[in-house]
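Tertiary structure, described
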Amino acid sequence: PSPASNSADAHFLQIQDVVKDFSGYKAVNHVSLDIAKGEIFALLGSSGCGKTTLLRMLAGFETPTSGRIILNGQDLAGLPPYERPLNMMFQSYALFPHLTVWDNIAFGLRRDGLPKDEVAARVDAMLKLVQLGKFAKRKPHQLSGGQQQRVALARSLAKQPQLLLLDEPLGALDKKLREQTQIELVNIIEQVGVTCVMVTHDQEEAMTMASRVAVMSEGRFLQVGSPSEVYETPQTRFVADFIGNVNLMEGTLDEDYADHVVIGCDDCKHFVGHGITGTQGMPVTVALRPEKIHLSRHKPADDYNTVRGTIEEMSYFGSFTVYRVKLASGAMLKVSQANTVRQRDDELTWGDSVWAHWSRSAHVVLTQ
Ligand code: ATP
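Please read these numbers as outputs of a predicted model, since none were measured by experiment.

A short note on the domain arrangement of the chain
- By domain assignment, the chain separates into domain 1 (7-241) and domain 2 (246-366).
- Here the C-alpha centroids of domain 1 and domain 2 sit 40 Å apart.
- Contact with domain 1, which involves six residues of that partner, is made by six residues of domain 2.
- Its residues assigned to classes, the side of domain 1 that touches domain 2 comprises two nonpolar, two polar and two charged.

In structure tokens form, the structure reads like this:
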């Protein structure tokens, strides 16, 4: 979804300096964030980082110790969950097993006392949206996991919430079905245009589904950005390591000679460009994604961003191959190369002595 153009839409959901303290332990620790109308936003982090607690505060199941949550201009403080203009979909879809798909979707609408015609119109529209019209009369156990997931989504959306909260939405599905369902859910959510906050520990899921992600650790946001920003320009080692595969190489700034970082050992120095401000000798980490490195038997013309080593391991994955290259310093460099059309004499194998080279914009130099 495109970012909201007017200011009210850009600040549709405001999380302002929110803290949740569980008897002295800050599960959520001074977190602030604005989410735009129509965004699909993912809270991403490993177990215990506080993402579920934050989601539960949005839903009203937990009360913030301090801070404010404002949705579409309305402060949600004091509003119980059922009075909030939002809906939460849980990992276990919690469909009623004895009700048909149609009745499951209609349940909340009937409970709210909507007129019969309105209920029917909305349920039919939802069934069409999630493409389950044919299954209206089935019971949940007669559906696949992915279909049950879509029923749960239809039920969450039938009440036309302003905000949809998803807690590990695809946690119950196996990998292949997950990938397919991720795309289906995003398509449905975007069609409806509902603003969505989801919680996941699965970075691929967050990257595929969300317009922006917040990487959380120990109750704080380490970085907030689009999936490509967070992947391409991580600001900390933690984020670089948490999202995708990465080589983290320790080095020091060498300002005397040129603006570069020295990595490797005394006898095997390599120079890496940086472009950050720092002091001579300052320790830094060079973060480099495996797919941004080019391997060759021939020495590249450029000495910068070039290291030499020996192929110790290789694993073939069909469309790409992963090499583990042992550098003179003893460090291992992980390199993945796309298996596009290749000349035979280019083929690399175990024991080959190779040069690894990458462009200056491929790596990020991190100071924390
Ligand atoms: P997971 O993916 O495992 O659910 P999470 O990132 O969602 O993890 P939270 O469930 O938000 O993490 O929990 C954050 C921290 O707060 C954890 O250390 C947890 O033990 C603690 N916590 C959560 N709920 C409570 C509670 N009701 N009382 C005390 N501590 C809690």
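Having seen the structure, we can now continue with the description.
Remarks on the nonpolar core
- Counting 91 residues, the largest nonpolar core has Ile105, Val197 and Val215 as the members making the most contacts within it.
- Looking at this core, the element that brings in the most residues is helix α5 (residues 145-158), giving six residues.

Section: the site of the ligand
- Taken together, the residues surrounding the ligand are Phe22, Ala27, Gly45, Ser47, Gly48, Cys49, Gly50, Lys51, Thr52, Thr53 and His201.
- Here the shell around the ligand gets three residues from one element, more than from any other, and that element is helix α2 (residues 51-59).
- Classifying every residue of the shell around the ligand gives three nonpolar, seven polar and one charged.

Topic: the sheet that holds strand β10 (residues 220-225)
- Taken together, the six strands give an open sheet; going across it, the order is β6-β7-β8-β3-β9-β10, and neighbouring strands pair in mixed fashion. Edge positions in the sheet fall to β6 (86-89) and β10, since each of these pairs with one other strand and no more. Geometrically, the sheet is characterised by an average inter-axis angle of 20° between neighbouring strands, direction not taken into account.

Description of the packing of helix α4 (residues 116-129) against α5
- Where α4 meets α5, the axes come as close as 9 Å, and the angle between the chain directions of the two elements is 140°. With respect to each other, α4 and α5 are oriented oblique. Of the two elements, α4 crosses α5, and the hand of that crossing is right-handed. Contact with α4, carried on its side by Arg122, Val123, Met126, Leu127 and Leu129, involves Ala154, Leu157 and Ala158 of α5 and no other residues of that element.
- Of the residues in the contact of α4 with α5, the class split is seven nonpolar, no polar and one charged.

Looking at the sheet that holds strand β15 (residues 294-296)
- Ordered in space as β15-β19-β16-β17-β18, the five strands form an open sheet in which the pairing is antiparallel. With one partner strand each, in any of the chains shown, β15 and β18 (332-338) form the two edges of the open sheet. On average, each strand axis in the sheet is inclined to that of its neighbour by 45°, with strand direction left out of account.

Thoughts on the packing of helix α3 (residues 101-111) against α4
- Contact pair α3 / α4: the axes reach a minimum separation of 9 Å and the direction vectors enclose 135°. In terms of axis orientation, α3 runs oblique to α4. Of the two possible hands of crossing, α3 and α4 adopt the one that is right-handed. When α3 is examined against α4, the residues Trp102, Ile105, Ala106, Leu109 and Arg110 are found in contact with a partner set consisting of Val119, Arg122, Val123, Met126 and Leu127.
- Of the residues belonging to the contact of α3 with α4, the class tally is eight nonpolar, no polar and two charged.

A closer look at helix α6 (residues 175-192)
- Look at α6: 26 Å from first C-alpha to last across 18 residues, which is about the 26 Å you get at 1.5 Å a residue.
- Of all the positions in α6, only Arg178, Thr181, Gln182, Leu185 and Ile189 are classed as buried.
- The secondary structure elements touched by the buried residues of α6 are β3 (40-44), α5, β7 (163-167), β8 (195-200) and α7 (203-209).
- A positive phi of about 80° marks Gly193, the residue just after α6.

Structural notes on unusual backbone geometry
- Unusually for a residue other than glycine, Asp17 sits at a positive phi of about 50°.
- Mapping Asp17 onto the fold places it in strand β1 (residues 13-22).
- Asp17 gets classed as exposed once you count the C-beta atoms within 10 Å, which come to 11.
- The phi angle at His30 is positive, at roughly 55°, despite the residue not being glycine.
- Structurally, His30 is set in strand β2 (residues 25-35).

Criteria and cut-off values
Residues numbered from 1 in each chain as written. Predicted model: local features only at pLDDT ≥ 70, side-chain atom pairs only at ≥ 80, totals over all residues. Domains from an automatic or database assignment. Contact = placed C-beta atoms within 7 Å. Nonpolar A, V, L, I, M, F, W, Y, C, P; charged D, E, K, R; others polar. Core = buried A, V, L, I, M, F, W, Y, C linked by C-beta atoms within 7 Å. Buried ≥ 20, exposed ≤ 12 C-beta atoms within 10 Å, placed from the backbone. Helix = DSSP H or I, 4+ residues; strand = E, 2+ residues; numbered from the N terminus. Near = placed C-beta within 6 Å. Pairing = 2+ DSSP bridges. Axes fitted to C-alpha atoms, helices over the stretch in contact; angles between N-to-C directions. Parallel < 35°, antiparallel > 145°, perpendicular 65-115°, else oblique. Left-handed = near helix turned anticlockwise from the far one by under 90°. Expected span 1.5 Å × (residues − 1).

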